Amino acid sequence: MAFREQNPNAAGTDNGDPLATLMRARQLIHDAQQAIEEASQSVVQQRASSGEIPEREARLARAENDREELATRLLEVEHQVGRLMTLYVATYQLHATLDPADVQSTIAEIAVNLIGAQQFALLLRNEDGSALEIRMQEGNIDAPWSSAATYSGGDPLVDAALLDGVLRFGPVEGSPVLVVVPLRVQDVTVGALLITRLLSHKAKLDEEDREILDLLGAHAASALFASRVYARAARKLRTLEDLIKLVKKG
Amino acid sequence: MNAIKTRKVLVVEDSRLIHKMYEVMLRPCMLIAAHDGREGLARLAEHPDVDVIILDINMPHMTGLEFLGEVKQTPDFAAIPVVIVSTEGKEEDVARGLKAGAVAYLKKPFQREDLLKIIGRLTTDRTAPQRR
């Protein structure tokens, strides 16, 4: 059978020609088949993509979890940075001066501003090591030793800490002291910081306070020791200079 | 964590330790230091463009609350936000500070995050029309 080649678009115009009608019908069927194929392909694609949704949702949830974990971790790191900054500043300030009075006032500033102490005392062994002087006292401490110039023992917590040089937390029976920070240089206890009361909004000492107290125990003592040695050397130097001047005059 | 842009902060505080602390914690900011209320007013006159004032309460010569009163009575400075950072932490202390015109009250010892949050909020939220 031979068919006349016809323009399919023109087929519809041949209303009276059965061959043309047939050709048009063939074209329509062809178009319809093509449309069905396209539609089925689209359905297949949609099915495929709808199959990916749960997987994508799971990935999204995992990403969200990761983000939350990172945010938490970032907060922890920020907090840790803050703690390190505090320790750095305390250490820096303790060693920033060679004046014993300045070192003492730095110890007091650390006790108040970084630990939250309201009442405290600083005991320091005198130059010949014969007595523990009460060099500084903040607030009215209700303890038998608080009105004396030197500490001669009697508080069980303080005595124990001075003996072994270990940080001790109270209060214990017979002692109003909340914490004793022994100040040690080369394994020798040269004094102690005693805290007997915290600021009203500071409920208790925590782990972070302990870090600062440990730092104080080591660095306050060496800063005090260095400043005392420097002061002594400066005093001797002045005496020698005066002596030389006198000799020159004579 | 709020990022702090380079801003001018007046610190009125008598503790050298805390001055150093701010210097380390508020590194992006330009800090103007004063060690009591009287010196704070002098620094403020030299730097009227400060963005925030960090203020201690217990200081020699002029206390923080006296300083705050002076600042709030001076039209040129009245709109500068003041943050009190103090060891005075009772409820009445906080209420007194806020009533005197402070925008925030932080108790010592403070956490760095809390300070940054407050300073960050004040330096980013603040808009020009608030100042005279």
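Overview of the structure. All figures in this text were calculated on a predicted structure; none of them were measured in a lab. (Residues numbered from 1 in each chain as written. Chains lettered and ligands numbered in written order. Predicted model: local features only at pLDDT ≥ 70, side-chain atom pairs only at ≥ 80, totals over all residues.)

1. Some remarks on the overall build of chain B
Helices and strands together make up the secondary structure of chain B, namely five helices and five strands. In sequence order, the secondary structure elements of chain B are arranged as β-α-β-α-β-α-β-α-β-α. A burial count over chain B gives 43% of its 132 residues as buried. (Helix = DSSP H or I, 4+ residues; strand = E, 2+ residues; numbered from the N terminus. Buried ≥ 20, exposed ≤ 12 C-beta atoms within 10 Å, placed from the backbone.)

2. Some remarks on the sheet that holds strand β6 (residues 188-198) of chain A
All names here are of chain A. Reading across the sheet, the six strands line up as β3-β2-β1-β6-β5-β4 and stay open at both edges, with antiparallel pairing between neighbours. Two strands in the sheet have a free side with no partner beyond their single neighbour: β3 (150-151) and β4 (168-169). Along the sheet face, helix α5 (residues 207-249) touches β1 (117-125), β5 (179-185) and β6 and points at about 45 degrees away from the line of β5. (Pairing = 2+ DSSP bridges. Contact = placed C-beta atoms within 7 Å. Axes fitted to C-alpha atoms, helices over the stretch in contact; angles between N-to-C directions.)

3. Observations concerning helix α4 (residues 156-164) of chain A
All names here are of chain A. Along α4, the residues that are buried comprise L157, V158, A161 and L162. Taken around the axis of α4, the buried residues stretch over an arc of 125 degrees, which confines them to a single face. Across α4 from its buried face, at more than 90 degrees, point the exposed residues L163 and D164. Contacts made by the buried residues of α4 are with β4, β5 and β6. Directly beyond the C-terminal end of α4, a positive phi value near 70 degrees is found at G165. (Arc of directions from axis to C-beta.)

4. Things to note about the pairing of β1 of chain A
Residue and element names in this part refer to chain A. The buried fraction of β1 amounts to eight of the nine residues, a majority that puts the element mostly inside the structure. In the sheet, β1 pairs with β6 via seven bridges, with the strands oriented antiparallel. Opposite Q119, over in β6, you have R197 as the bridge partner. Here β1 runs beside strand β2 (residues 132-138); their pairing, made up of six bridges, is antiparallel. Along β2, the bridge assignment pairs L122 with M136. Hairpin connection of β1 to β2: six residues between the antiparallel strands, including G129 at a positive phi of 75 degrees.

5. Description of the interface of chain A and chain B
At the junction of the two partners, chain A supplies 19 residues and chain B supplies 18 residues. Top element by residues in the side of chain A that touches chain B is helix α2 (residues 18-94) of chain A. It accounts for eight residues. Its residues assigned to classes, the side of chain A that touches chain B shows nine nonpolar, eight polar and two charged. (Nonpolar A, V, L, I, M, F, W, Y, C, P; charged D, E, K, R; others polar.)

6. Details of the sheet that holds strand β2 (residues 30-34) of chain B
For sheets, the rule is that strands pair by backbone hydrogen bonds, running either parallel or antiparallel. Residues and elements named next belong to chain B. In spatial order, the strands read β2-β1-β3-β4-β5; together these five strands make up an open sheet with parallel pairing. The open sheet has two edge strands with one neighbour each: β2 and β5 (104-107). Between one strand axis and the next, the sheet turns through 20 degrees on average, direction left out of account. Here strand β1 (residues 8-12) runs beside strand β3 (residues 52-55); their pairing, made up of four bridges, is parallel. Its bridge partner being in β3, L10 is matched across the sheet by I53. Sheet strands in contact with helix α1 (residues 16-25) are β1, β2 and β3, and its direction is about 175 degrees off that of β2. The sheet contacts of helix α3 (residues 64-73) involve β1, β3 and β4 (82-86), and relative to β4 the element is tilted by about 175 degrees.

7. Here's the deal with the nonpolar core
Formed by 78 residues in total, the largest nonpolar core has its most connected members in A192, L193 and L194 of chain A. When residues of this core are assigned to domains, at least three fall in each of domain 1 (17-94) and domain 2 (99-230) of chain A. (Core = buried A, V, L, I, M, F, W, Y, C linked by C-beta atoms within 7 Å. Domains from an automatic or database assignment.)

8. Side note on the packing of α2 of chain A against α5 of chain A
All names here are of chain A. For the pair α2 and α5, interaxial distance at closest approach is 10 Å and the crossing angle is 20 degrees. Judged by the inter-axis angle, α2 sits roughly parallel to α5. Judged by the twist between their axes, the crossing of α2 over α5 is right-handed. Residues R83, T86, L87, A90, T91 and L94 of α2 pack against E208, E211, I212, L215, H219, A220 and A223 of α5. Along the lines of polarity and charge, the residues of the contact of α2 with α5 split into seven nonpolar, three polar and three charged. (Parallel < 35°, antiparallel > 145°, perpendicular 65-115°, else oblique. Left-handed = near helix turned anticlockwise from the far one by under 90°.)

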